Amino acid sequence: MYSSIDHQWMGEALAEAQKALYLSNPNPRVGCVIVKDGQIIGRGFTQRVGGPHAEIQALSDAKLKGFDPKGSTIYVTLEPCNHTGRTPPCVDALLTAKPAKVIVAMVDPNPLVAGKGLGRLKAAGIEVQCGLMESEAQILNCGFISRMTRGLPWVRLKIAASLDGKTALPNGHSQWITGSLARADGHHWRAQACAIVTGVGTVKEDNPSLNVREVETHRQPWRIIIDSKLETPLAAKILNNPSESGVMIVCANLNGSAVQEKANLLKSRGVEVLTMANEFGKVDLPKLFAYLAQERHMNEIHVEAGFKLNGSMLSEDCVDELLLYYAPFFMGEGIGMANISPLDSLQSKQDWKMIDQSMLGSDIRLRLIKSK
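It should be emphasised that the depicted structure is a prediction, and the values quoted were computed from it without experimental measurement.

Asks: Which residues make up the domain arrangement of the protein, and what are the values?
Replies: Once the domains are mapped, the protein shows domain 1 (4–142) and domain 2 (151–370). When each unit is reduced to the centre of its C-alpha atoms, the spacing between domain 1 and domain 2 is 34 Å. Taken together, the contacts link nine residues of domain 1 with 15 residues of domain 2. Sorting the residues of domain 1 by area buried against domain 2 places Tyr22, Asn25 and Cys142 first, and these three jointly supply 58% of that buried surface. The tally of links from domain 1 across to domain 2 stands at one salt bridge. A salt bridge links Glu300 to Arg29, with the nearest nitrogen and oxygen atoms 2.7 Å apart. Our count for the contact surface shared by domain 1 and domain 2 stands at eight residue pairs in polar contact (both at pLDDT 80 or more). Looking at side-chain class alone, the side of domain 1 that touches domain 2 contains five nonpolar, two polar and two charged residues.

Structure below.
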């Protein structure tokens with residue numbers, strides 16, 4: 001059904017979509033190329049939220065170069081939208097451009113689109129094909145797909161450890177277990193997330209900023225602290241510049257006048273304070289992630305925390321992907337990767353599937369997702 005040339009041009013569209021990796025949240029990462037007479041006459045990718053989508057960028061690029069897209073073939077990594085959101089429907093612009101064919105990598109999982117965009121193109125007499133390099137497009141938008149189909153974000157848990165699975169010395173010291181390349185790679189994953197989540201223990205122990213510094217980005221993710229008793233120090237670095245991205249502290253409750261006063265002070269500084277308790281008086285993690293997807297429209301969540309929160313995340317089935325960095329040494333005694341209860345039997349274990357392994361200097365990075 002698809003030629004090698006089709007794969008080449010869709011590969012170009014996917015390369016365009018990759019440019020939106022740090023940029024387009026909460027919108028999906030979409031790329032588009034317009035091909036006519038064997039050459040690309042326009043290309044584009046989704047801009048920051050509220051800005052042009054990939055198809056509009058590509059059409060504008062073609063116009064700027066003096067090309068007419070009529071009769072062309074348009075390759076786009078996600079079905080063109082057919083509804084008015086922050087921008088007009090892309091389908092309208094494509095119908096005006098009058099291409100001969102539109103080839104799409106994947107159907108939009110957004111119920112507002114979900115095949116309707118393709119239907120309108122077909123009804124106008126434009127040839128439409130869908131499914132070329134679909135898996136590549138899906139991988140690029142795992143968070144958006146998760147939010148649209150499950151009402152949950154894609155949650156990625158990052159852990160850096162020694163070969164024997166220790167994340168810190170017994171005294172809590174952990175800087176630095178891995179080398180500079182692995183740390184820079186961690187910032188790549190931070191940059192593509194809608195939010196970076198940590199626990200109050202990490203804030204008190206390491207005092208991290210938890211922003212993106214090692215890669216260039218025009219958008220900083222939200223910083224979210226899981227803090228049942230509102231113990232975050234007021235001088236913590238993570239609270240700095242809340243207007244830069246957004247800072248949120250999630251508590252179990254705000255009982256007591258001193259805690260209320262602290263919450264009001266934090267709010268006056270631009271920090272958002274939420275309460276979301278479970279039956280044990282801790283933060284309700286499943287409820288929080290559902291809230292972040294459904295109410296705050298967050299696609300991907302990047303978690304960098306200590307072994308207590310890591311254990312809670314895993315025990316409460318909140319993790320979709322493990323991002324593990326192993327440094328080539330044994331620590332011996334130290335703090336482990338996750339505080340989880342011992343198994344009664346191996347039949348009750350969580351199974352994970354390796355999807356990638358890479359060397360970063362002398363460190364190894366493993367990526368795993370839940371086995372189905």
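Asks: Account for unusual backbone geometry, naming residues and giving values.
Replies: A cis amide bond links Asn25 with the next residue in sequence, Pro26, at an omega value of 5°. When you line up the elements, Pro26 lands in the loop between α1 (4–18) and β1 (31–36). The backbone of Lys98 shows a phi angle near 60°, a positive value even though the residue is not glycine. Counting through the fold element by element, Lys98 comes out in the loop between α3 (90–97) and β4 (101–104). With a phi angle near 55°, Leu210 is a residue other than glycine that sits in the positive phi range. Mapping Leu210 onto the fold places it in the loop between α8 (200–206) and β8 (222–226). Leu210 gets classed as buried once you look at its relative accessible area, which sits at 3%.

Asks: I'd love a proper account of the pairing of β1, names of residues and values included.
Replies: With five of six residues buried, β1 is to be regarded as a mostly interior element. Here β1 runs beside strand β3 (residues 73–76); their pairing, made up of four bridges, is antiparallel. Looking at β3, one finds that Ile34 is bridged to Ile74.

Calculation rules
- Residues numbered from 1 in each chain as written.
- Predicted model: local features only at pLDDT ≥ 70, side-chain atom pairs only at ≥ 80, totals over all residues.
- Heavy atoms only, no water.
- Domains from an automatic or database assignment.
- Contact = heavy atoms within 4.5 Å.
- Buried area = accessible area lost by both parts, 1.4 Å probe.
- Salt bridge = Lys/Arg side-chain N within 4 Å of Asp/Glu carboxyl O.
- Polar contact = N/O pair within 3.5 Å; in protein donor to acceptor, adjacent residues only side chain to side chain.
- Nonpolar A, V, L, I, M, F, W, Y, C, P; charged D, E, K, R; others polar.
- Helix = DSSP H or I, 4+ residues; strand = E, 2+ residues; numbered from the N terminus.
- Buried < 20%, exposed > 50% of the residue type's maximum accessible area, 1.4 Å probe, protein only.
- Pairing = 2+ DSSP bridges.

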